[in-house]
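Residue-level structural notes
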Amino acid sequence: MTTLTSTIPTTTGPSRQVRRSRARVAARTLASATPPVENRRLTQVILDGAATKAAAAAQATTLAKAQLAEAEVQAWLKDMDARLEVIFAHPEQNLGEIEEQLARSVQEPLRLLAQRAAQVKANAVLCECPECHGLLTEQRWLSRTIHSRFGPLTIWRRYGFCPRCGAWHFPADYALGLGRKAPASPYVQEISALLVSKMPVEQAVLVAERLGLDLSRCGMHQEAHRQGLKAQEWRAQFVGQLATWDQIQQLATAQAPTQPFTLVIEIDAWDIRERTDWGQTKQLRAQGKKPERWHWVYMATVFRLDHRGQTAGNRAVITQRGYAVTRLGIEALSAQLYREALDRGLGQAQLVLVIADGALWIWNLAKDRFPGARQELDLFHAEEHLWAVAHELYGKGTPEAQAWVGPLLQQIREDQTVAVISALSELKPRLLEAQQKKLQTQIEYFEHNTQRMKYKEVLDARKACEEGNATEEQKQLANRPVGSGAIESACRQYQCRFKRTGQFWTTAGDEALMCLETLWRNGRWHELYPHAKPSVALN
Ligand SMILES: [Zn+2]
């Protein structure tokens, strides 16, 4: 019976240093013993490789037209026939198999065409500095392989050195829309950005695979992040157009005058989990600090009231709306929102309506950016605050709570907030100290928001519409929202992506992807991906 002891390293065996040195000696001995024949063979392989490369480069760099050779077309047709034959021989295979197999069969010819077309484009690019347009010196050719919609493409590009800028440039890369080091074509860049901003990267990779894109999890994740940074750059420029008063005036008056309309702005925030303090928990606790995991994402939406309608199923839809979303603080939100509002008609709106819950930062932002706007407290938040008092006094879900709160809810809907406040104040002396404190908080909430609680005319208008005796003015009014449902549903939609179980983000990571998502929702995707514009070929 054999034992395993001989294979287990022991302290009495040679040390690692000794073993390495022996291995080096062995390698040298082997090298000197390699017959000259083998050496010559290796040299030939290297030389052949270089010659093949040089030939490929020569062929590529003189290419002036993207086309398939007759033999390639024939090979493709033969392959397609063979695939279809198999499908026809199998009665159980349906149109799905036909679609799948045809797509696969056309992949290689398309890859070749894409590679050659990209090459033609690269060949036509002047070898000049993209920054200062000076001619590049020390020009050479170098190939690069990138992931494309049709598979890997190898493209040869001329490059050179700009003495004025002191940098090497590949002008063809700019012309082709390729990142400096990133291995993705513009379409792959776009799809990575789109999928990863909509779903976790593990799922995105699988979906991409079904769409015929062979991308790694890591590659896709990195590409999406790069695209997010690009989106942030674009956004910074867009918001930067607010730098001077003249520019703001220009943007405000850019649109043609239309029928009078109301511009609605809704603002809210939700929290996202980040691992900013990851691994520092102990250290922070020792300093008496609490590690922060949750951070605010600030959000706003802006739309014209006349762009809000109803589907056949009575569901409210807004046909055109803008979003501003950021993890970078209230100031950042404020600037993004203002820029978006200008684009959506802030300069022409007859009435600007800001609706939100009672958070103080929101009203400060509204006062600062939209000083002439009408401020409105979300009716349902106001009602919730009354329900909180009812539950505190009479217990959750009790008929007493219901009976107590009923008349007060009615008073809120009739703009009698002052009466509600005095009813709450009268309760105070009868309560315990802890309850008194809670009640005081609620009283202050209503006191701060009294001027924002004017719902009666809208609710009356809606009633009149139902009863069929509404005036023209009431028909208009009935459409005005009394709640901030539009922003709340938007928050929930973002949370479906960014607030999943077990998800942790970094500020750089979540901001980049949220920026992409917002660009998509704002209908500005083509700003980053001009090829994604449906009419791109016609422009
Ligand atoms: Zn230059």
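Structure report, in brief.

Moving on, we come to the overall build of the protein. Along the backbone of the protein there are 21 helices and 10 strands. Taking 24 Å as the expected radius of gyration for a compact globule of 539 residues, we find that the protein reaches 33 Å, considerably beyond that expectation. Along the three orthogonal principal directions, the C-alpha set of the protein runs to about 105 × 75 × 70 Å. Relative to its 539 residues, the protein shows a buried fraction of 38%. The long-range share in the protein, meaning contacts at least 24 apart out of those at least 6 apart in sequence, stands at 66%.

Glancing now at the coordination of the zinc ion. Those donors, Cys129 (SG), Cys132 (SG), Cys162 (SG) and Cys165 (SG), are the protein atoms that reach the zinc ion, and they lie 2.1 to 2.3 Å from it. Note that the zinc ion binds 4 donor atoms; their angles at the metal cover 100 to 115°, and the shape is tetrahedral. Here cysteine 162 falls in the buried class, since its relative accessible area comes to 1%.

Its location among the elements puts tyrosine 529 in the segment after α21 (525–528). In contact with tyrosine 529, other than residues within four places in its own chain, are Pro186, Gln189, Glu190, Ala193, Gln227, Lys230 and Leu516.

Looking now at the nonpolar core. Formed by 61 residues in total, the largest nonpolar core has its most connected members in Ile267 and Leu424. If sequence neighbours within four positions are ignored, isoleucine 267 has contacts with Met299, Ala300, Leu333, Leu337, Val354, Ile355, Ala356, Trp361, Ile362, Leu365 and Ile487. Among the nonpolar cores identified, the runner-up in size contains 39 residues, and Ala193, Ala231, Met299 and Ile487 belong to it.

Pairing is mixed in the open sheet, where 5 strands are placed in the order β8-β5-β4-β9-β10. Sheet topology places β8 (321–326) and β10 (374–377) at the edges, where each strand pairs with a single neighbour. The mean angle between the axes of side-by-side strands here comes to 20°, regardless of whether they run parallel or antiparallel. Of the strand pairs in this sheet, strand β5 (residues 294–304) and β8 are connected by 6 bridges, and their pairing is antiparallel. Following the sheet pairing, tyrosine 298 is matched in β8 by threonine 326. Packed onto the sheet, helix α12 (residues 360–369) meets β4 (262–273), β5, β9 (351–356) and β10 and runs at close to 140° relative to β4.

End to end, helix α2 (residues 36–61) covers 37 Å across 26 residues, agreeing with the expected 38 Å (1.5 Å per residue, within 8%). Considered for burial, the residues of α2 that qualify are Ala57, Ala60 and Thr61. Contacts made by the buried residues of α2 are with α4 (95–124), β1 (137–148) and β2 (151–162).

Take the pairing of β4 next. Of all 12 residues in β4, 10 are buried, a share of seventy percent or more. Where β4 lies against β9, 5 bridges are found, and the strand directions are parallel. Of the residues in β9, the one forming a bridge with threonine 262 is leucine 351. Two elements, β4 and β5, share 11 bridges in a ladder whose sense is antiparallel.

Our focus in this paragraph is the side chain of glutamine 115. Considering the arrangement of structural elements, one finds glutamine 115 in helix α4. The buried category is assigned to glutamine 115, whose relative accessible area is 18%. With sequence-adjacent residues up to four places away left out, glutamine 115 is seen in contact with Pro152, Leu153 and Thr154.

Calculation criteria
- Residues numbered from 1 in each chain as written.
- Predicted model: local features only at pLDDT ≥ 70, side-chain atom pairs only at ≥ 80, totals over all residues.
- Heavy atoms only, no water.
- Helix = DSSP H or I, 4+ residues; strand = E, 2+ residues; numbered from the N terminus.
- Rg over C-alpha atoms; globule rule 2.2 N^0.38 Å.
- Buried < 20%, exposed > 50% of the residue type's maximum accessible area, 1.4 Å probe, protein only.
- Contact = heavy atoms within 4.5 Å.
- Donors = N, O, S within 2.8 Å, 3.2 Å for Na, K, Ca; no water.
- Tetrahedral: all angles 85-135°; square planar, octahedral: opposite > 155°, others 65-115°.
- Core = buried A, V, L, I, M, F, W, Y, C linked by side-chain atoms within 4.5 Å.
- Pairing = 2+ DSSP bridges.
- Axes fitted to C-alpha atoms, helices over the stretch in contact; angles between N-to-C directions.
- Expected span 1.5 Å × (residues − 1).

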